[in-house]
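Letter by letter, the chains look like this.
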Amino acid sequence: MTAVQQGAGDSTARPGDLAASAPPARAAAPRTRQRLIGIDAARGVALLGMITLHALWEADAAGNPTWSDRAFSGRAAAAFALLAGVGIAFVSGRRRVPAADRPAVAAGMAARAVAIGVVGFLVCAADTTLKAVILPYLAVVFLLAIPLVFLRTWTVAVVGLLLATAGPVGNYFLLPRLPEPELGNPSFIRLVQDPIGMLTELTFTGFYPSPTWLAYVCVGIVIGRQDLSRRRFAALLLAVGTVVAVAAHTASTLLLHRYGGLAHIWAAQPRSDLTAAQTTELLKFGGNGNVPSSTWWWLAVDTAHTGTPPEMFGAAGCAVAVLGLMLLAAHVTHRVLGPVCTVILVLLASAGSMTLTFYSAHILFINSDFDTYSAGNGCLVQVVGALLIGLAVRGTVGRGPLEAAVAALANRARRLTTSRGAVRVVATIRATATIPVQASPAPVSAVPAASAPALAPAPAKPSESSMDSTTASAAQAPAATASKGSGSGGPAADGSGSGGPVPRRAPRRPHGPGDGRRRTVRRRAQPGAGQGGGR
């Protein structure tokens, strides 16, 4: 869905991107590459799962969920959101953003969210069947996630836990008091005509409510701030994710069947807005982002897109386990399994490195006249096409067109914010300086270093293009300063003056950065025997 395959200030974190900005340690490059290819491979799994979910039937001839619906419904989208949180952690430097960098980071994240939202609205404008395009919803989630990068890691974890546990309870009380959603794809026309209703649906009442999906982002941020290159941590992710997913499903099964939750749901069915058939469908296939408020027992179900604690913990556990598996596969060095894992990871990572482009193209394709294939053949064509095209793009230009455009807009917003901040700093220095910058200072006698005014501000962080030269200059600065202090009459290193005149220097200018229902309105069921397998 989207992507937020973000490196340090980039929307598509590729091995070459992060390796270029890493310290020049020989051992760091392979570890960084292992980590990044595992993250991109996990995104590739989520992308292919979403393609499979949309391309194949979701119900068989008997009206039961198919294997693809059971495997990917709700889980693929949750994996996208969780991996988006990992990308946000990379954008913010994998740590709590300091106060000085917050305006630039917030501007870059906001620009990225707006760009993804615009892409989502454009895709929705061409869509006629799929009524649950996730991109506009994720744009709202990314905007709400901006304050998270300013928090400590444990605080982000607490926020995610509260959203996954207390969030569904809050929705249980809040949703009956909000307007009924249209559950259609958002449009620019509705955004102009009914902005409050559109934003309410994108945030609370739609297919992907922000409290639910923000919890997945919190988990991704916490994971992204850890050392993902460690084999033990990858194994821990796989183990913890599996245990959480199994425990969530087990808890839901016990609550519904052993402790009478299912009976309470059916007893409260006449008080709900659902018919008996709709209740059965919700229990089998999942909901539209939330559950009815007729009884508390609805919060015990774990079917897809219901936003209940079991469903959220189960989906997050599956996403964490997949991420751990992909990271762990990058460490396999067996004589036979090693090359096999490498080939699989490279193919998945090639598709996962441009999920925004492929997801948008997939939505446009399945709603176009070009999709004349049967369900199975259409799925195969799209999966193979994503793998091969992704491999070609990753080996040539390196990133997809939409990823490049979003990254350029985000980086532009960060540079503009940094430039304005530098201008304000210079203006403040000039306004508060005791000696005008334009004044020609007269020679004065030496004074102790403790009483000399500090007029020169610390230079801003240099841009990447000037990193080498700036580093070289900084390395030579101590020697030059010592030379002037001891041989030119300046203050000595111990703070005592040598008696010579000390010229007053003007402040240095800081270097600026510029130098469907869930998926369909009408559920698609597989035709009965003898009616063919076409769509």
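Residues numbered from 1 in each chain as written. Predicted model: local features only at pLDDT ≥ 70, side-chain atom pairs only at ≥ 80, totals over all residues. Heavy atoms only, no water.

### Some points on the pattern of salt bridges
Using the following cut-off: By definition, a salt bridge exists where a carboxyl oxygen of Asp or Glu is found within 4 Å of a side-chain nitrogen of Lys or Arg. Each residue's exposure class comes from its accessible area (1.4 Å probe, protein chains only) as a fraction of the maximum for that residue type: buried when under 20%, exposed when over 50%, partly exposed otherwise.
One pass over the full model with this rule turns up 5 salt bridges. Salt-bridge contacts for E182 lead to R190; the nearest nitrogen and oxygen are separated by 3.6 Å. We classify R190 as buried; its relative accessible area is 14%. Salt bridges sharing common partners tie together D40, R43 and R394.

### Re the packing of aromatic side chains
Selection criterion: Note on ring pairs: Phe, Tyr and Trp rings are taken, using the six-membered ring of Trp, and paired if centres are within 6.5 Å. Classes follow the plane angle, with under 30 degrees stacked, over 60 edge-to-face and the rest tilted. Only DSSP runs of H or I reaching four residues or more are called helices, and only runs of E reaching two or more are called strands; each is numbered from the N terminus.
Counted according to the given criterion, the structure contains 8 aromatic pairs. On the basis of an interplanar angle of 35 degrees and a centroid distance of 5.0 Å, the ring pair of F121 and F188 is categorised as tilted. Taken as a pair, F121 in helix α5 (residues 102-125) and F188 in helix α8 (residues 188-193) lie far apart in primary sequence, 67 residues in all. Ring centres of Y137 and Y208 lie 5.2 Å apart, and the angle between their planes is 70 degrees; this geometry places the pair in the edge-to-face category. Of this pair, Y137 sits in helix α6 (residues 135-144) while Y208 sits in the loop between α9 (195-205) and α10 (210-224), placing them 71 residues apart in sequence.

### Regarding the environment of F173
By the element assignment, F173 lies in helix α7 (residues 153-174). When the C-alpha atoms of F173 and S293 are compared, they prove to be 7.6 Å apart, with 120 residues separating the residues in sequence.

### Notes on the confidence of the model for the chain
What counts is decided by this rule: Per-residue confidence from the predictor is given as pLDDT, running between 0 and 100. Contacts are residue-level and defined by heavy atoms, with any inter-residue pair within 4.5 Å sufficient.
Averaged over every residue, the pLDDT of the chain is 79; the share at 70 or more is 72%. Within the model, the stretch residues 1-35 combines pLDDT values under 50 with 98 contacts to residues more than four positions away or in other chains. Across residues 434-535 the pLDDT falls below 50, and counting only partners more than four positions away or on other chains, this stretch makes 128 contacts in the model.

### Quick notes on helix α16 (residues 355-366)
Just so we agree on the cut-off: Helix span, expected: 1.5 Å multiplied by one less than the number of residues in the helix.
The end-to-end C-alpha separation of α16 is 16 Å, in line with the 16 Å expected for 12 residues at 1.5 Å each. For α16, the tally of buried residues reaches 9 of 12 residues, placing the bulk of the element in the interior. Buried within α16 are the following residues: T355, L356, T357, F358, Y359, S360, H362, I363 and I366.

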